[in-house]
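Below, each chain spelled out in residue letters.
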Amino acid sequence: MTEWKRQVGDETIFRTCAWSPPGCHPVGCGLQVHVKDGKVTKVEGDPEHPITRGSLCPRCLALKEYIYNPDRIIHPMKRAREDRGKDKWVECSWDEATDIIADHAKEITEKYGAETICVFGGTGREANNWYPQWANLVFGTPNSVYAQAGWSCYGPRMTATAFMIGGGYPEIDYAQKFHDRYDNPNFVPPEVVVLWGKEPLRSNPDGLYGHAIIEMMRQFGTKIICIDPRITWLGTRAEEVIQLRPGTDTAMAMAWLYVLTTEDLVDHEFIEKWTFGYEDLCERVKEMPPSRAAEICGVPEEQIWRAARLYGNAKPSSLAWGLAVDENTNGPQLGMCLIALMTITGFIDAPGGTTLGMGDDQGNVVRDGGAIDAADKVDDATDSTLMLALKHGIMTQETWDKKRIGVDKYPCVGQVLWTVQPDEFLKALETEKPYKIHMAQFVSSNPIGTAIAAEPQRWWRALKELDFNFACDLFMNPTIMACCDVFLPVASTIEHDGQVVTHYGLNSSFYGAENKCVQVGECKSDVEIMMMVGKKMYPEFWNRFETEEDYNNFHVFRSWLPWKELRDNVVTMSEEPYYKYKLGKLRPDGQPGFPTFTGRVELSSFSYGAFGEDALPYFEEPAFGPATTPKLMETFPFILTSGARRQEFFHSEHKQVKSLRQISPFPEIDINPEDAKAKGIEEGDWVEITSPYGHIRQKAKVTPTIKPGVVHCMHGFWYPEEDGEEPNLYGNWKSNVNMLMPNSVNAKVGFGNTFKVMICDIKKVDSEGGPNEPDDIFVEKSRLEEFSVNEAWRPVDAPYDEYKANN
Ligand SMILES: Nc1nc2c(c(=O)[nH]1)N[C@H]1C(S)=C(S)[C@@H](COP(=O)(O)OP(=O)(O)OC[C@H]3O[C@@H](n4cnc5c(=O)[nH]c(N)nc54)[C@H](O)[C@@H]3O)O[C@H]1N2
Ligand SMILES: Nc1nc2c(c(=O)[nH]1)N[C@H]1C(S)=C(S)[C@@H](COP(=O)(O)OP(=O)(O)OC[C@H]3O[C@@H](n4cnc5c(=O)[nH]c(N)nc54)[C@H](O)[C@@H]3O)O[C@H]1N2
Ligand SMILES: [Mo]
């Protein structure tokens, strides 16, 4: 194995693993970073990395361009409160910037209570680990905010898992836990992998390296079934693509359960010994024969039988579940069905099936030795963030129990997640009830921007009014321009020491070291910044850490090895065994079984029942659609889905990186040729997309890969090259699909939204500009000519013609 740091000629080459920034869902891809005279000259894949084996996505290949981007902010900055929305930033020192923050936080805590401070975090970047720590341990507030309507990412899946299986997160088995990977004698390749509303080739989410699916197709003939309204690249190679109407997935999944249970394609021994509620489930799914599901979902009935039988007969079978579960108001029930599909076949925690982790619900890894020993040298190391905050008097139990916003109305969200319920939080910001919020921090979230928030104009109006706001980020963005007073510049993944783990510790296949390769400007890592402000707020707790390494050995996502050892190894694999439920390795008490009330997989769920939900799955039509809003459909006849991932962007990020932006210089709406023809729209036309909530513009991509009657819009698009001052805010309102989405449309338990299931109309317009919401904003002519396309890297479109010829 090559050393983590070596000298070759006049270059130092570092082996390291990627997390963030920039954004990434941690696969922890292996990098080799070439450094000369303190500057990165090249980033390439690390062939010795056991998972990615030298391959990299374009965002890492463009890292050099990202870290030295002329738009990047590399010194702390401040601005007077009255200058919010104006480009009147001035540089200041770290000490001054953090003093300003600590002074405001102390004053606000004294006058109004610490709970009136809130901390915004986004998706599973590294800082995702830290925003609750910023909230609970730096500011003593229970209000950390993940601002996506209905907490619609991962949370709903995690909840279904927590309630029905216990901890962990079921992930398809691609031999990701073994150093020798597919050669490991215990590994069996999956015969069938179902991709249910997930596009891992593009998204590589949380712990699934998408390309591994292609490896298994090539090496073992693994077959694919896609449940997706679009035909994706993997779809064109799939056995079946079920192009269902968005948001009708629960009907489809119930119909699969109908086929499996009526045709006896289940593992009776597993069901008998390890599940609870199977008979009730069988009874319930009788409501949804494939004939009924076919009608609801708009697909041929025979295809449902065929696909479900293919899955049910496969030995072993595996299922990957994606955002279709979360961004759907019927999502909790879909999650229940998919867990049932993964388990009643007997292939949960089995070779070639769906893996489970040994993580507990805090993300602590339940195992002996290693870093736990190292961490034990630091006081309190095994305590959760909340326990630490309570123990050190930074927050009181009463504040946690009574002041966390929205969890009284949605206790299910409060029970499983450590944040507020976001829709209720927006209402609290707007109405100042139950109390007024005074200060906000943004650490890896850009809620006024183009990704996380529905109705972003509401967040914009509310957040601008707070007394004091600050952000930790790398680039200026609409949120910071509109409402922050201090900007703290963050170091990228190759500018700091850290560690990366898959599924945030819930199902870790490995730990990877992030090794600091270079320093850019005065940037500091999220952890260093948190320690710096922490020491000014609660020194008695925070003074125990001197270096980032101290913290890496301490925090709840720490690796199995002391950090220095991890760094030397670059990667350490979990080598976890299969059948942990038989071995007593899933339950904290060491008994066999699953960590649920009954010790079994709860196909009928006590927990959902306790939170006012049906204990069994049921189908419900989406909040907007032909069955629920037939009158609105006369004006908005298309079903709108959005945000399918692209490799060149991570949410609102990377729009400033030319080699990435040239791939998609403008946001695109996918329209089926039939629909385009009917609407007189041609490839490349600007299209206005209107929903009951607003209107935006994107460019037409006319493609047969989208189901007729359905359109798909890109999310996350803004124009950093445009005027950043208010009201334009970098063209924030021009193409932002979330302007078309409502907040507060969620299931009984507080989860789910409409990002994947909305309604809209489309019409051809002659330009990108024009008045736009909110408040009649006129957009400057875009300066995009500079993003001329070259051949450096082009996305591979789904080879539809080939697919059509074979199907
Ligand atoms: N490059 C890149 N990678 C990312 C991200 C990024 O922004 N960029 N974001 C990360 C984040 S936060 C997440 S949560 C993951 C998400 O990763 P995935 O779960 O893979 O999510 P998507 O790509 O949004 O959607 C997956 C598929 O669902 C389909 N779909 C749309 N509507 C429906 C529906 O109603 N039912 C069904 N069955 N399918 C539907 C879409 O067409 C798409 O092909 O990706 C992560 N990875
Ligand atoms: N229409 C539609 N909208 C969607 C989705 C969809 O499918 N459709 N998907 C949704 C999903 S699943 C999610 S999770 C949300 C994601 O939404 P967010 O996670 O809020 O993403 P961004 O808006 O890109 O904001 C992230 C900010 O963090 C900064 N940043 C990046 N890395 C780091 C880091 O390590 N540290 C710090 N301090 N800052 C960092 C970036 O520069 C950027 O300004 O978007 C949602 N939005
Ligand atoms: Mo997400």
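Residues numbered from 1 in each chain as written. Chains lettered and ligands numbered in written order. Predicted model: local features only at pLDDT ≥ 70, side-chain atom pairs only at ≥ 80, totals over all residues. Heavy atoms only, no water.

## Some remarks on the sheet that holds strand β18 (residues 486–489)
Point 1. Pairing in this open sheet of seven strands is mixed, and the strands run β6-β5-β18-β17-β16-β7-β8 from one edge to the other. Looking at strand neighbours, the two that pair on one side only are β6 (90–91) and β8 (144–146), the edges of this open sheet.
Point 2. Pairing of strand β17 (residues 468–473) with β18 involves four bridges; the strand directions are parallel. If you follow Asp473 over to β18, its bridge partner there is Pro489. (Pairing = 2+ DSSP bridges. Helix = DSSP H or I, 4+ residues; strand = E, 2+ residues; numbered from the N terminus.)

## A closer look at the site of ligand 1
Point 1. In the region of ligand 1, 32 residues are neighbours, and Ser203, Asp228, Arg230, Asp249 and Phe649 sit closest.
Point 2. Asp228 is positioned such that a nitrogen or oxygen atom in its side chain is 2.6 Å from an oxygen atom of ligand 1.
Point 3. Arg230 has a polar side-chain atom sitting 2.7 Å from an oxygen atom of ligand 1.
Point 4. Considering ligand 1 on its own, with 920 Å² of exposed area, one finds that the protein chains cover 99% of that surface.
Point 5. Listing elements by their share of the shell around ligand 1, those giving two or more residues are α6 (200–203) and α14 (323–326).
Point 6. Partitioned by chemical class, the residues of the shell around ligand 1 number eleven nonpolar, eleven polar and ten charged. (Near = heavy atom within 4 Å. Polar contact = N/O pair within 3.5 Å; in protein donor to acceptor, adjacent residues only side chain to side chain. Areas by Shrake-Rupley, 256 points an atom, 1.4 Å probe, with all protein chains shown as cover. Nonpolar A, V, L, I, M, F, W, Y, C, P; charged D, E, K, R; others polar.)

## Observations regarding a nonpolar patch on the surface
Point 1. Taken together, the side chains of Phe276, Phe597 and Phe606 define a hydrophobic patch exposed on the protein surface, amounting to about 340 Å² of accessible area.
Point 2. By the secondary structure assignment, Phe276 is in strand β13 (residues 275–276).
Point 3. For Phe276, a relative accessible area of 31% puts it in the partly exposed group. (Patch = residues over 30% accessible without salt bridge, like charges linked within 9 Å, V, L, I, M, F, W, Y side chains within 5 Å. Salt bridge = Lys/Arg side-chain N within 4 Å of Asp/Glu carboxyl O. Buried < 20%, exposed > 50% of the residue type's maximum accessible area, 1.4 Å probe, protein only.)

## Brief notes about the site of ligand 2
Point 1. In the vicinity of ligand 2, 35 residues are found, and the nearest of them are Ala451, Asp473, Asp526, Ser652 and Asn738.
Point 2. In this structure, Thr123 approaches ligand 2 through a main-chain N or O atom, which is 2.9 Å from an oxygen atom.
Point 3. Here Cys472 contributes a backbone N or O atom positioned 3.0 Å from a nitrogen atom of ligand 2.
Point 4. For ligand 2, whose accessible area on its own is 930 Å², the fraction buried by protein is 99%.
Point 5. Broken down by class, the residue content of the shell around ligand 2 amounts to 13 nonpolar, 15 polar and seven charged.

## Some thoughts on helix α21 (residues 456–463)
A turn of α-helix holds 3.6 residues, and therefore any two residues three or four places apart point the same way.
Point 1. α21 sits mainly inside the fold: six of its eight residues count as buried.
Point 2. All of the buried residues in α21 are Pro456, Gln457, Trp459, Trp460, Ala462 and Leu463.
Point 3. Where the residues of α21 are buried, they touch β7 (117–121), α20 (422–431), β16 (439–443), β17 and α22 (478–483). (Contact = heavy atoms within 4.5 Å.)

## As for the packing of helix α5 (residues 155–164) against helix α15 (residues 331–344)
Point 1. For the pair α5 and α15, the least separation of the axes is 9 Å and the interaxial angle reads 55°. Relative to α15, the element α5 is oriented oblique. In the packing of α5 onto α15, the handedness of the crossing is right-handed. For the pair formed by α5 and α15, the contact residues are Ala160, Thr161 and Met164 on the first element and Gly335, Met336 and Ile339 on the second. (Axes fitted to C-alpha atoms, helices over the stretch in contact; angles between N-to-C directions. Parallel < 35°, antiparallel > 145°, perpendicular 65-115°, else oblique. Left-handed = near helix turned anticlockwise from the far one by under 90°.)

## Some remarks on the packing of aromatic side chains
Point 1. Taken as a whole and judged by the stated rule, the model has 43 aromatic pairs.
Point 2. For the pair Tyr579 and Tyr581, a centre-to-centre distance of 6.2 Å together with 75° between the ring planes defines the contact as edge-to-face.
Point 3. With a centroid separation of 4.9 Å and 20° between ring planes, the pair formed by Tyr581 and Phe594 is classed as stacked. With Tyr581 in helix α27 (residues 580–583) and Phe594 in the loop between α27 and β22 (601–602), this pair connects stretches of sequence that are 13 residues apart. Across the pair, Phe594 and Tyr581 agree in class, each one buried.
Point 4. Through pairs of rings, three or more aromatic residues link up here, namely Trp130, Phe541, Trp542, Phe545 and Tyr551.
Point 5. The ring of Trp233 carries the charged tip of Arg237 above its face, separated from the ring centre by 4.4 Å.
Point 6. Between the NZ or CZ atom of Lys655 and the centre of the ring of Phe717, over which it lies, the distance is 5.5 Å. (Phe/Tyr/Trp six-rings, centres within 6.5 Å; stacked < 30°, edge-to-face > 60°. Lys NZ or Arg CZ within 6 Å of the ring centre and 35° of its normal.)

## Some thoughts on the packing of helix α12 (residues 290–297) against helix α13 (residues 301–313)
Point 1. For the pair α12 and α13, the least separation of the axes is 8 Å and the interaxial angle reads 115°. In this structure, α12 meets α13 at a crossing whose hand is right-handed. Each of Pro290, Ser291, Ala293 and Ala294 in α12 lies in contact with α13, whose residues at this interface are Glu301, Ile304 and Trp305.
Point 2. Classifying every residue of the contact of α12 with α13 gives five nonpolar, one polar and one charged.

## Focus on the state of the cysteines
Point 1. Counting across every chain of the model gives zero disulfides.
Point 2. Summary of cysteine pairing: Cys60 is not part of a disulfide, and the nearest cysteine sulfur, belonging to Cys57, is at 5.6 Å.
Point 3. This cysteine, Cys472, is not joined by any disulfide, and Cys484 carries the nearest cysteine sulfur, 9.4 Å off.
Point 4. Judged by relative accessible area, which is 3%, Cys472 ranks as buried. (Disulfide = S-S within 2.5 Å.)

## Points about the confidence of the model for the protein
Point 1. Per-residue pLDDT for the protein averages 91, and the proportion of residues at 70 or more is 92%.
Point 2. Counting contacts from residues 360–378, a segment whose pLDDT is below 50, to residues more than four positions away or on other chains yields 45 contacts. (pLDDT = per-residue confidence, 0-100.)

## Remarks on the pairing of strand β20 (residues 510–514)
Point 1. Burial analysis of β20 places five of its five residues in the buried class, the great majority of the element.
Point 2. Every second residue of β20 is oriented toward a common face, with Phe510, Gly512 and Glu514 on one face and Tyr511 and Ala513 on the other, all of them buried.
Point 3. Pairing analysis gives four bridges linking strand β19 (residues 498–501) to β20, with the strands arranged antiparallel. Bridge pairing in β20 links Gln499 to Ala513.
Point 4. The pairing of β20 with strand β21 (residues 571–573) spans three bridges and is classified as antiparallel. Following the sheet pairing, Phe510 is matched in β21 by Met573.

## Examining the sheet that holds β19
Point 1. Here three strands make up an open sheet; going across it, the order is β19-β20-β21 and the pairing antiparallel. In this open sheet, the two edge strands, each paired with only one partner strand, are β19 and β21. Across the sheet, the axes of successive neighbouring strands diverge by a mean angle of 20°, strand direction being ignored.

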